[in-house]
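What follows is each chain in one-letter form.
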Amino acid sequence: MSASAVARRVPCLRLPAPSLNLFLVAMAFFIASCVIAIRVQSYLVFLSSRFLQACGNGALIPLVQSHTVVEHPSDGGDWL
């Protein structure tokens with residue numbers, strides 16, 4: 001499924017195409033490694049899947065934060 005098809009199906013994901021593609025890849029890494037971590041029998045594979053979760057989450061957090069800043073700019077309020 002292409003990024004534009006996902007953007008049409010999920011209208012709240014108003015990211016530019018490269019960012020949306022990166023978001024989908026990072027989410028796929030995170031979900032796949034969660035499934036691996038649940039089904040694993042070895043500690044080494046569990047540790048590896050947790051590392052992949054961290055990689056996916058490491059890409060997701062800056063994307064979500066930048067999206068939040070762009071979609072909800074500061075209105076001058078002192079909420080910090």
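Residues numbered from 1 in each chain as written. Predicted model: local features only at pLDDT ≥ 70, side-chain atom pairs only at ≥ 80, totals over all residues. Heavy atoms only, no water.

Colleague: I tried to follow helix H3 (residues 43-71) on my own but got confused; where do I start?
Modeller: Because each turn of an α-helix spans 3.6 residues, side chains separated by three or four positions in sequence point in the same direction. Helix length check: H3, at 29 residues, gives a terminal C-alpha distance of 41 Å against a target of 42 Å (1.5 Å per residue), a fit within 8%. The opening residue of H3 is Ser-42, an N-cap whose side-chain oxygen sits 3.3 Å from the backbone nitrogen of Leu-44. (Helix = DSSP H or I, 4+ residues; strand = E, 2+ residues; numbered from the N terminus. Expected span 1.5 Å × (residues − 1). Polar contact = N/O pair within 3.5 Å; in protein donor to acceptor, adjacent residues only side chain to side chain.)

Colleague: It is not clear to me how the side chain of Ser-49 should be interpreted in this structure. Could you clarify?
Modeller: By the secondary structure assignment, Ser-49 is in helix H3. Ser-49 gets classed as buried once you look at its relative accessible area, which sits at 1%. Excluding residues within four positions of it along the chain, Ser-49 makes contact with Ser-33, Ile-36 and Ala-37. (Buried < 20%, exposed > 50% of the residue type's maximum accessible area, 1.4 Å probe, protein only. Contact = heavy atoms within 4.5 Å.)

Colleague: Where do I start with the side chain of Ser-33 in this structure?
Modeller: Following the sequence through the fold, Ser-33 ends up in helix H2 (residues 17-39). For Ser-33, a relative accessible area of 1% puts it in the buried group. For Ser-33, the side chain forms a polar contact with the main-chain nitrogen of Gln-53, separated by 3.4 Å.

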